[in-house]
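Here are the chains, one letter per residue:
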Amino acid sequence: QKEVEQDPGPLSVPEGAIVSLNCTYSNSAFQYFMWYRQYSRKGPELLMYTYSSGNKEDGRFTAQVDKSSKYISLFIRDSQPSDSATYLCAMIKTGANNLFFGTGTRLTVIP
Amino acid sequence: DTAVSQTPKYLVTQMGNDKSIKCEQNLGHDTMYWYKQDSKKFLKIMFSYNNKELIINETVPNRFSPKSPDKAHLNLHINSLELGDSAVYFCASSQGTLASARETQYFGPGTRLLVL
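If you're wondering where the values come from, they're calculated on a predicted model, not measured in any experiment.

S.K.: Quick rundown of the overall build of chain A? Include the residues and the values.
M.R.: A count of helices and strands for chain A gives zero helices and 11 strands. When the helices and strands of chain A are placed in sequence order, the string is β-β-β-β-β-β-β-β-β-β-β. Over its C-alpha trace chain A gives a radius of gyration of 13 Å, about what one expects of a compact globule, namely 13 Å for 111 residues. The C-alpha extent of chain A, read off along each of the three principal axes, is 45 × 30 × 20 Å. Across the 111 residues that make up chain A, the buried fraction comes to 47%. In chain A, the share of contacts with a sequence separation of at least 24, taken over all contacts with a separation of at least 6, comes to 55%. Split by element, the accessible area of chain A, about 5,100 Å² in all, is 47% carbon and sulfur. For chain A, the centre of its 11 positive side-chain charges and the centre of its 10 negative side-chain charges are spaced 6 Å apart.

Spelled out as structure tokens, the structure:
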């Protein structure tokens, strides 16, 4: 069983919809949480970085962490066709030097 | 003005061959990484170097050997290529180590390797 679980989708939504992407993890040693966006045939790029429970907002994106439930979410408001990509959650354990990634959720926003 | 660059972008080769992938970063970062992304998009760390020293060496076959000639370069050499090595290989870099300062990683565009 992978340490980080993510629904691979695919997920299709109409333009303007609110998108919710989620990951769960099993190890409480994970303390730092990230969301990456990966366009087709490109490398992942960092969207959001958070290390505490609660919400962090950046424009149309909100990252939510619930450490008690070992659950993280990324919300995208007013989704745009340009948001169509694969979204990967990633986490770092305390004292570790590598990222653990989820499998990614492929999102398509339909105009 | 590419921050993390990889060559080649595509690599098609026969089983049993030896090949190398090169990575360069112009961000002045101290730490570089190699990741493998399989056909299901799962991204997994392979190696990490900090100031040319190996700090992460995950369970990877000995056929894979990273080399860091300087802080800005991290190359990956693969001996005796196998069908299962087909994947996209991503190089990444960060200013410090992830554990030290919650650093952001910057990824290269990937090298698509197909072993026939």
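S.K.: Go over the nonpolar core, please, and point to the residues and values.
M.R.: Residues Trp35(A), Ile72(A), Leu74(A), Tyr87(A) and Met91(A) are the most contacted members of the largest nonpolar core, which totals 24 residues. Elements with a contribution of two residues or more to this core: β3 (19–25), β4 (30–38), β5 (45–50), β7 (61–66), β8 (71–76), β9 (85–93) and β11 (105–110) of chain A. Beyond its immediate stretch of four places on either side in the chain, Leu74(A) contacts Val19(A), Ser20(A), Leu21(A), Trp35(A), Leu47(A), Met48(A), Phe61(A), Thr62(A), Ala63(A) and Tyr87(A). The next biggest cluster of nonpolar side chains, apart from the first, holds 20 residues, and it includes Tyr49(B), Phe64(B), Ala87(B) and Tyr89(B).

S.K.: Outline the state of the cysteines, supporting the account with residue identities and numerical values.
M.R.: All names here are of chain A. A complete count under the given rule lists two disulfides over all chains for this structure. Each disulfide pairs two cysteine sulfurs, and for Cys23 the partner residue is Cys89, the sulfurs being separated by 2.0 Å. Its torsion about the S-S bond being -100°, the disulfide of Cys23 and Cys89 is classed as left-handed. With Cys23 in strand β3 and Cys89 in strand β9, this residue pair connects regions lying 66 residues apart in the sequence. Comparing Cys23 with Cys89 shows no difference in burial state: the two are buried.

S.K.: So what about a nonpolar patch on the surface? Which residues, and what values?
M.R.: Residue and element names in this part refer to chain B. A cluster of nonpolar side chains, Val12, Leu114 and Leu116, forms an exposed patch at the surface whose accessible area comes to about 270 Å². Mapped onto the elements of the fold, Leu116 is located in the segment after β11 (111–115). Note on Leu116: relative accessible area 46%, which makes it partly exposed.

S.K.: How would you sum up the sheet that holds β7(A)? Please name residues and give values.
M.R.: Residue and element names in this part refer to chain A. A sheet is described by the order of its strands in space; here five strands give the open sequence β1-β3-β8-β7-β6, paired in antiparallel fashion. This sheet does not close on itself; its edge strands, each paired only once, are β1 (4–6) and β6 (54–58). Going from strand to strand, the sheet's axes swing by 20° on average, the running direction of each strand aside. Alignment of β7 against β8, held across six bridges, turns out to be antiparallel.

S.K.: I'd like a description of the pattern of salt bridges, backed by residues and values.
M.R.: Side chains bearing opposite charge may pair, as long as their charged atoms lie close to each other. All names here are of chain A. Across all of its chains, the model carries seven salt bridges over all chains by this definition. Between Glu3 and Lys93 there is a salt bridge whose closest N-O contact spans 3.0 Å. Remark: Lys93 occurs in strand β9 and Glu3 occurs in the segment before β1; sequence separation between them is 90 residues. According to the relative accessible area criterion, Glu3 is partly exposed, its value standing at 25%. Here Lys93 falls in the buried class, since its relative accessible area comes to 17%. One salt bridge in this structure joins Arg60 and Asp83, with 2.8 Å as the shortest N-O distance.

S.K.: Residue-level account of the environment of Thr104(B), with values.
M.R.: Within the fold, Thr104(B) resides in the loop between α1 (98–101) and β10 (106–107). On the basis of relative accessible area, Thr104(B) is assigned to the partly exposed category, the value being 23%. With 37 residues separating them in the primary sequence, Thr104(B) and Lys67(B) have C-alpha atoms 22 Å apart. Ignoring sequence-local partners within four residues, the contact set of Thr104(B) consists of Leu46(A), Tyr49(A), Ser93(B) and Ser94(B).

What counts, and at which threshold
Residues numbered from 1 in each chain as written. Chains lettered and ligands numbered in written order. Predicted model: local features only at pLDDT ≥ 70, side-chain atom pairs only at ≥ 80, totals over all residues. Heavy atoms only, no water. Helix = DSSP H or I, 4+ residues; strand = E, 2+ residues; numbered from the N terminus. Rg over C-alpha atoms; globule rule 2.2 N^0.38 Å. Buried < 20%, exposed > 50% of the residue type's maximum accessible area, 1.4 Å probe, protein only. Contact = heavy atoms within 4.5 Å. Areas by Shrake-Rupley, 256 points an atom, 1.4 Å probe, with all protein chains shown as cover. Lys, Arg positive; Asp, Glu negative; His and termini not counted. Charge placed at Lys NZ, Arg CZ, Asp CG, Glu CD. Core = buried A, V, L, I, M, F, W, Y, C linked by side-chain atoms within 4.5 Å. Disulfide = S-S within 2.5 Å. Patch = residues over 30% accessible without salt bridge, like charges linked within 9 Å, V, L, I, M, F, W, Y side chains within 5 Å. Salt bridge = Lys/Arg side-chain N within 4 Å of Asp/Glu carboxyl O. Pairing = 2+ DSSP bridges. Axes fitted to C-alpha atoms, helices over the stretch in contact; angles between N-to-C directions.

These values are about where atoms sit, not about what they do.
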